[in-house]
Structures are given as C-alpha cells and as structure tokens.
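# Observations on the model geometry
The chain contents come next:
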Amino acid sequence: EISTDELEMTTVCYRPEGLEQLEAQTSFTKRELQVLYRGFKNECPSGVVNEETFKQIYAQFFPHGDASMYAHYLFNAFDTAQNGSVKFEDFVTALSILLRGTVHEKLRWTFNLYDINKDGYINKEEMMDIVKAIYDMMGKYTYPVLKEDAPRLHVEVFFQKMDKNKDGVVTLDEFIESCQEHTFSLETFQLQH
C-alpha cells in the first residue's frame, strides 16, 4: 500500500539538475525545492517556460496594468543562458537571490535586470525603458496624481545620484556603492519583482 505522501513525492521525481545540487547552489531546502518544482511543473508541464507563457503568468499579478514589457525584461533576467527559455534551475536560482540573497547579490541581480543590452552598464535609455514598464505594469489607477513626465524625472534622479563620474552610464560598482550609501537603495530599484 502506497501512501498519499509517497505518491506525492514520486510526482516530483524529475530532478532537473538533481535536487542535491540545487540545494547546494540555492538557499532552499530539499523540501522547499520539491514544493517549488511541483508549482513550476503545474504552470509549465514541459518543465520549461517561454516568454509568452511567462508574460501570461506574470500578467495575472497585475490585472489593472500592462505587465508585458516589464515581464519581458524580467524574463530576460531569468533567462541567464539567453536562449529564450527559463528552466526550473534558472527560476529557483533567481528566486533564491531575490528572496534570501545578500544585499550585494540582490543588487547585482537588479543591476542585471536594468542592464537590458547586457553590456555591463545601465544607460538612461535602459533605465527609462524599465521605469516606463513599471509604470505601465502598475496601471494608471495606482498613480493618479503622476504627470506624464514622472518616469523621466525618476530616471534623472537615478542618474544624478548614481552616475558618480558623470559619464552617462552607471557601472555595477557605482550602482552597488550608491545603493549602499543611500537609503532609497533596493526599494527604489527593486519595484514589484
């Protein structure tokens, strides 16, 4: 006679890289990984998420706004291999950083999100694209008093504080240093992950 618990465990037996390896690489326990994997497989039976599916899942969390552009940038940050798909390993690695990483790890991950073209710098255009996507995602009802130029003003403030050498781009070091010395740090840049 097989118990329900044992049956439940057998449905989790597909081990992407092996749960032991993922347990060593992330801040999750084996049990947490099993629960996360069950949820992942439930949403994505193939075990891999493409960008369209990712956008559909993400949109459910922001019914009053258009989350498609932000989900696009977020998907690219999760898709570390840049191959158009997010595997369970990619998902839990990012989740581990965002939920349980050090401040430095979270800042590095957030920098990577904003560095859209992956050249190692954040320029004003990239920041503007992300900030606009965040405003779109939150919807006009969330920010009724904001003027049209609010995203641009947000970006100007960002660069004034972060671009230490005033060369028009923000490096990872400038980003981390600024976030650690200013109280606006993560809350300002890690909006609604």
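Residues numbered from 1 in each chain as written. Predicted model: local features only at pLDDT ≥ 70, side-chain atom pairs only at ≥ 80, totals over all residues. Heavy atoms only, no water.

### Considerations on the overall build of the chain
Counted only if it meets this: Only runs of H or I of at least four residues qualify as helices and only runs of E of at least two qualify as strands under DSSP, and these elements are numbered from the N terminus. What makes two residues a contact is simply this: any of their non-hydrogen atoms within 4.5 Å. Methods summary: accessible areas were calculated by the Shrake-Rupley approach with a probe of 1.4 Å, and residue burial reflects only the protein chains presented.
Of the regular secondary structure elements, the chain holds 11 helices and 4 strands. Taking the intrachain contacts of the chain between residues at least 6 apart in sequence as the baseline, contacts between residues at least 24 apart amount to 57%. When the accessible surface of the chain is split by element, carbon and sulfur atoms take 53% of a total near 10,900 Å².

### Topic: the nonpolar core
Note the following rule: As used in this record, nonpolar core signifies buried Ala, Val, Leu, Ile, Met, Phe, Trp, Tyr and Cys residues forming a set joined through side-chain atoms within 4.5 Å. Note on exposure labels: buried denotes an accessible area under 20% of the residue type's maximum, exposed denotes more than 50%, and partly exposed covers the range between, all computed with a 1.4 Å probe on protein chains only.
Ranked by internal contacts, the top residues of the largest apolar core, which has 50 residues, are Tyr 70, Leu 113 and Phe 175. In terms of residue count, the dominant contributor to this core is helix α8 (residues 124-138) (9 residues).

### Comments concerning the UniProt feature "domain: EF-hand" (unreviewed entry) in the chain
Convention followed: UniProt positions are given in the numbering used here, feature names are shortened, and annotations may be inferred rather than shown by experiment.
As annotated by UniProt and renumbered to match this structure, "domain: EF-hand" (unreviewed entry) occupies residues 66-101, 102-137 and 150-185. Taken end to end, residues 66-101 comprises 67% helix and 8% strand; its first and last C-alpha atoms sit 29 Å apart.

### Some points on the packing of aromatic side chains
Applicable threshold: Only centres within 6.5 Å qualify two rings of Phe, Tyr or Trp (six-membered ring in Trp) as a pair; their planes then separate them into stacked at under 30 degrees, edge-to-face at over 60, and tilted for everything else.
Under the criterion given, the structure shown has 13 aromatic pairs. Between the aromatic rings of Phe 78 and Phe 91, the centroid separation amounts to 6.3 Å while the plane-to-plane angle is 25°, which identifies the pairing as stacked. With Phe 78 in helix α5 (residues 68-78) and Phe 91 in helix α6 (residues 88-100), this pair connects stretches of sequence that are 13 residues apart. Relative accessible area serves as the criterion here: at 7%, Phe 78 is assigned to the buried category.

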